[in-house]
Amino acid sequence: MILWNAELTKRLTCSEREKAALPSLVHDLLALSDKARGEGVKALLEATAGEGPMLSYGCRLIAEGYSEEVLEEILAVYLTTSTLAGLEFLKQCVCAEALLGIAAGDSRDLLLRKLAPYCGADKATSLLRALDAASGENGL
Amino acid sequence: MIVNTLCAAHAEILRRGGMPGDLGARSAPEAGSPGSGAGKPADPWPTIYALGARKAASCLESAKRFSLALDKYRAGGKERLAEDMREEKRRLLKFAYSVVAASMPAEQVRRAFASAGFIGKAAPQEECEAEILIAGVKLALKNAHPIVAMRAMTAYLGFSVFDDAEAWILEHFGDRRGGGEELIIPGDLPDMLIGREASPGAISQAARIAGPQLVAACLAGCPKEAIDYVLSLICTPVGAILLDGEIRGARNRLSSEELSDAQSAFLELLSSIGGDSKPQAGEEGQWSPEIDRSLVADVSALILELDEHLLKTVLTALDPKLLASLMQAMEPMAHDRLLSTIAPGRSRKVLDALERAVPLSNIELTRSAQLFAQRVLAELAPKTKPFGKSLSLPARLRQILTSILSRE
């Protein structure tokens, strides 16, 4: 079940135009998860060293090896107590979701299915269609 | 989905109408807040609390003191916590310790803080320190490690204190690494790790999927070299302290059979991830395909059947290299008995010999087993036994010895 909170909804709100920036963020995060799967979590630390705080510190939290539950609680506190709102807040939520997926060892497909909904219904559908098409080409 | 956790966090931390009005703007940190001030970069992650330097330092200090008290509590129980409670001057920390000592359910902690007047009276932005301690108390009641509590508590102060918290953790808990008796459960996993047969990416991925507890359980039976290798691949120094603690806990808590099962499960996971790892997963992977399983069963049964004194006498008389080759034809439970029967110094020699040994063929294993069985028989035979009289042996022992010695 997905919970709902009015304050959170208000804080996540941004225009469709602003949301257009999200698919490229999702692609970047998928590339990061590919790196984690291929080269290990230490490679993530190097790759995100110059990125924003959520990604760079988040990867360090992954490498500290907390349980998924604890990691999720910690990331949620960082997000909730931040002064961010709108698109910037939404982007950081997507990053946090990706970090949790990477920490859990999610496959690329599963991670995309978790991240795509943040882009809004239309973009999520097209991202998932692209995924299905790619899976078909690969004979999956 | 983090959305659910965010909903809960918003409901608890910000409460209804608790959102600061100016959200959305990445405002520069107020003068004196962590990371601000002359020569310091702007706070990369401003928080709704917008704490001044003094208040932020005070909150960080509370988190450190709570983590240290939690560490003492885990080691010495409520008595140690009571000492801290008596000595503590700050009401909020004193109350936090009392809630931990009361062992109340974690879900009731927030209500307890509210009833005591520490939250809910002022705007949420004014109650950072109480929120920090609520997070710490909840984790303490779930028996979390102080490092986990420290990280969760300092999250309320934003990322600007992340490095300071890490330095403090390493200073106070860094010496927890290493130590503890090495325990080796022979199997494919240690060999594969030491032989670098799996890619770092695959090991790292398998460790994340397995989670810290299974990783700790499977590493608990591995040599130090293998443990250090895995920790260097998957952890930062802080993570290594935590995992090292879990490994020591697993050695105390789990039987050698459970540790062996954990190794098999991890191997299976590694092989399912694929990449360039080449583990031999599953039960079949425990032994090379051509190994004579009935010989393994007989040798293991013989080790487990013998009384301790006799086993010790026989093992003491045998060369460590022979014992090492014998261990190649033995189940984990028999390994345990063998290694716990001989003196620690000798057991190290056997393990060293085992590490250097190449896998033996069935013929060689059979010869080792027969030498061992003959030595057992020699010890069982009374020194003054009249010639021509058959040796009186328990039926089960006789059956095992016969089975080993009659092999060709």
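Residues numbered from 1 in each chain as written. Chains lettered and ligands numbered in written order. Predicted model: local features only at pLDDT ≥ 70, side-chain atom pairs only at ≥ 80, totals over all residues. Heavy atoms only, no water.

## Observations regarding the overall build of chain B
1) Next: Per the secondary structure count, chain B includes 21 helices and zero strands.
2) Next: For chain B, buried positions account for 51% of its 408 residues.
3) Next: Taking contacts inside chain B between residues at least 6 apart in sequence as the whole, the part at least 24 apart equals 74%.
4) Next: Surface accessibility of chain B: about 19100 Å² in total, with carbon and sulfur atoms responsible for 52%. (Helix = DSSP H or I, 4+ residues; strand = E, 2+ residues; numbered from the N terminus. Buried < 20%, exposed > 50% of the residue type's maximum accessible area, 1.4 Å probe, protein only. Contact = heavy atoms within 4.5 Å. Areas by Shrake-Rupley, 256 points an atom, 1.4 Å probe, with all protein chains shown as cover.)

## Considering the domain arrangement of chain B
1) Next: According to the domain assignment, chain B consists of domain 1 (2-174), domain 2 (188-272) and domain 3 (293-382 + 389-405).
2) Next: One C-alpha centre belongs to domain 2 of chain B, the other to domain 3 of chain B, and the line joining them spans 29 Å. (Domains from an automatic or database assignment.)

## Thoughts on the packing of aromatic side chains
Aromatic ring pairs: the centre-centre distance and the angle between the two ring planes describe each pair.
1) Next: All told, the structure shown has ten aromatic pairs over all chains when counted by the stated rule.
2) Next: Measuring from centroid to centroid gives 4.9 Å for tyrosine 57 of chain A and phenylalanine 159 of chain B, while their planes differ by 5 degrees, and the two rings are stacked. Of this pair, tyrosine 57 of chain A sits in helix H5 (residues 53-63) while phenylalanine 159 of chain B is found in the loop between helix H7 (146-154) and helix H8 (162-173), placing the two residues in two different chains. Comparing tyrosine 57 of chain A with phenylalanine 159 of chain B shows no difference in burial state: the two are buried.
3) Next: Ring geometry for phenylalanine 95 of chain B against phenylalanine 113 of chain B: centres 5.0 Å apart, planes inclined by 85 degrees, an arrangement best described as edge-to-face. Residue phenylalanine 95 of chain B is located in helix H4 (residues 91-101), and its partner phenylalanine 113 of chain B is located in helix H5 (residues 109-115); the two are separated by 18 residues in the primary sequence.
4) Next: Using a relative accessible area of 0% as the deciding quantity, one classes phenylalanine 113 of chain B as buried.
5) Next: Grouped by ring-pair contacts, the aromatic residues Tyr57 and Tyr78 of chain A together with Trp45, Phe159 and Phe162 of chain B constitute a single cluster. (Phe/Tyr/Trp six-rings, centres within 6.5 Å; stacked < 30°, edge-to-face > 60°.)

## Let's talk about H5 of chain A
Each α-helix winds once per 3.6 residues, and so residues spaced three or four apart point in a common direction.
Residue and element names in this part refer to chain A.
1) Next: Of all eleven residues in H5, ten are buried, a share of seventy percent or more.
2) Next: The complete set of buried residues in H5 reads Pro53, Met54, Leu55, Ser56, Tyr57, Gly58, Cys59, Leu61, Ile62 and Ala63.
3) Next: Count one or two residues on from H5 and you reach glycine 65, which has phi positive near 75 degrees.

## Focus on the interface of chain A and chain B
1) Next: In this complex, chain A contributes 57 residues to the contact, which on the side of chain B involves 57 residues.
2) Next: Among the residues of chain A in contact with chain B, Glu64, Tyr78 and Thr83 of chain A are the three that bury the most area, contributing 15% of the side total.
3) Next: For the interface between chain A and chain B, the tally reads four salt bridges.
4) Next: A salt bridge links glutamate 69 of chain A to lysine 142 of chain B; its shortest N-O distance comes to 3.9 Å.
5) Next: Our count for the contact surface shared by chain A and chain B stands at 15 residue pairs in polar contact (both at pLDDT 80 or more).
6) Next: Secondary-structure elements contributing two or more residues to the side of chain A that touches chain B are helix H1 (6-12), helix H3 (22-39), helix H4 (41-47), H5, helix H6 (68-80) and helix H7 (86-103) of chain A.
7) Next: In terms of residue count, H6 of chain A provides more of the side of chain A that touches chain B than any other element does, eleven residues in total.
8) Next: In terms of residue class, the side of chain A that touches chain B is built from 32 nonpolar, eleven polar and 14 charged. (Buried area = accessible area lost by both parts, 1.4 Å probe. Salt bridge = Lys/Arg side-chain N within 4 Å of Asp/Glu carboxyl O. Polar contact = N/O pair within 3.5 Å; in protein donor to acceptor, adjacent residues only side chain to side chain. Nonpolar A, V, L, I, M, F, W, Y, C, P; charged D, E, K, R; others polar.)

## Focus: the packing of helix H17 (residues 320-327) of chain B against helix H20 (residues 362-380) of chain B
All names here are of chain B.
1) Next: The contact between H17 and H20 brings their axes to 9 Å, and the two run at 120 degrees. Viewed along their axes, H17 and H20 adopt a mutual orientation that is oblique. H20 is crossed by H17, and the crossing has left-handed handedness. Residue-level inspection shows Leu322, Ser325 and Leu326 of H17 in contact with H20, the latter providing Leu365, Ser368, Ala369, Leu371 and Phe372. (Axes fitted to C-alpha atoms, helices over the stretch in contact; angles between N-to-C directions. Parallel < 35°, antiparallel > 145°, perpendicular 65-115°, else oblique. Left-handed = near helix turned anticlockwise from the far one by under 90°.)

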